[in-house]
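Below are the chains, spelled out letter by letter.
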Amino acid sequence: MRFSKKKISAKLMQDTTQENVELAGSKIDPVIHESWKTQLKEEFSKPYFSEIKAKLISAKEEGKVIYPPGSLIFNAFNSTPFDKVKVVIIGQDPYHGPGQAHGLCFSVKDGINPPPSLVNIYKELNTDINLPIPTSGSLQAWAEQGVFLLNAILTVEAHKPASHRDLGWEQFTDAVIRKLSSGRTGIIFLLWGKFAREKRALIDVTRHAILESPHPSPFSAQSGFFGSAPFSNTNKLLQEQGLSPINWSV
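The text that follows walks through the structure, step by step, so that each part is easy to find. Predicted, not measured: the structure shown is a model, and the values here were computed from it.

Take the environment of isoleucine 188 next. By secondary structure assignment, the location of isoleucine 188 is in strand E7 (residues 188-192). Residue classification places isoleucine 188 among the buried residues on the basis of a relative accessible area of 0%. Between the C-alpha atoms of isoleucine 188 and isoleucine 210, which are 22 residues apart in sequence, the distance is 5.7 Å. In contact with isoleucine 188, other than residues within four places in its own chain, are Lys86, Val87, Val88, Ala209, Leu211, Thr234, Leu237, Leu238 and Gln241.

Here we come to the sheet that holds strand E8 (residues 209-213). With parallel pairing, the 4 strands of this open sheet are ordered in space as E5-E4-E7-E8. The open sheet has two edge strands, strand E5 (147-151) and E8, and neither has a second partner. Going across the sheet, the axis of each strand differs from the next one's by a mean of 20°, ignoring polarity. Across 5 bridges, strand E4 (residues 87-91) lies against E5 in parallel orientation.

By the definition in use, this model includes 8 salt bridges. Of the charged contacts in the structure, one is a salt bridge between lysine 46 and glutamate 43, with a shortest N-O distance of 2.9 Å. A relative accessible area of 32% means that lysine 46 is categorised as partly exposed. A relative accessible area of 10% places glutamate 43 in the buried class. When the shortest N-O distance is used, the salt bridge between glutamate 170 and lysine 199 registers 3.2 Å. You can see glutamate 170 sitting in helix H8 (residues 169-183) and its partner lysine 199 sitting in the loop between helix H9 (193-197) and E8, a full 29 residues away along the chain. Salt bridges sharing common partners tie together Glu170, Asp174 and Lys199.

Calculation criteria
Residues numbered from 1 in each chain as written. Predicted model: local features only at pLDDT ≥ 70, side-chain atom pairs only at ≥ 80, totals over all residues. Heavy atoms only, no water. Helix = DSSP H or I, 4+ residues; strand = E, 2+ residues; numbered from the N terminus. Buried < 20%, exposed > 50% of the residue type's maximum accessible area, 1.4 Å probe, protein only. Contact = heavy atoms within 4.5 Å. Pairing = 2+ DSSP bridges. Axes fitted to C-alpha atoms, helices over the stretch in contact; angles between N-to-C directions. Salt bridge = Lys/Arg side-chain N within 4 Å of Asp/Glu carboxyl O.

Have a look at this one:
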């Protein structure tokens, strides 16, 4: 189904879950898992969300390259339904290099070399629970087990990190965190680095567990990310609730 640019904007504002919408020459598939569609219905109808879509359309019209591809912007939501979330990891914004971003924080597509922060995550994975360091950079297997890999900012312009910081995504993803906080219990939030730790204020600590550490970036991993044992500690907390642990193999 194809729409004029004017109709694209109107259609996207009318129904965020419409499949295979043509966005200024690039396919965008903003289908959200039904559980998230229900939880975020009000957010999708707010003016700021319409503004996000309008800005993305404008950027595409100007010939800018946006990551991840439209069909993967909401990959975290489609991979981990609201009622299946066990663990939340919060990143800042998508990778800005070709072929890297696919809608899961810290994760890259199969066949793409793991970026430095992910390399350090894998090193800690090996030290913490003695898993071999993976060769794949895709964390899709984590997402499908209930690890919600949420970037606070869901899109980025190619080669320009944090370029969509002012697009409005953080208002949306803050609402996502609040929904998880108020609508669920027993989630383990992994807050790595200053940016993620600032989201602590959105989380009801009487209902959920928070594990904090420095960011896995090469600039800070030695300051406390290494040795923080996030994977074993997460599984311990899950098992104490009678929940199955995460298989952290990739």
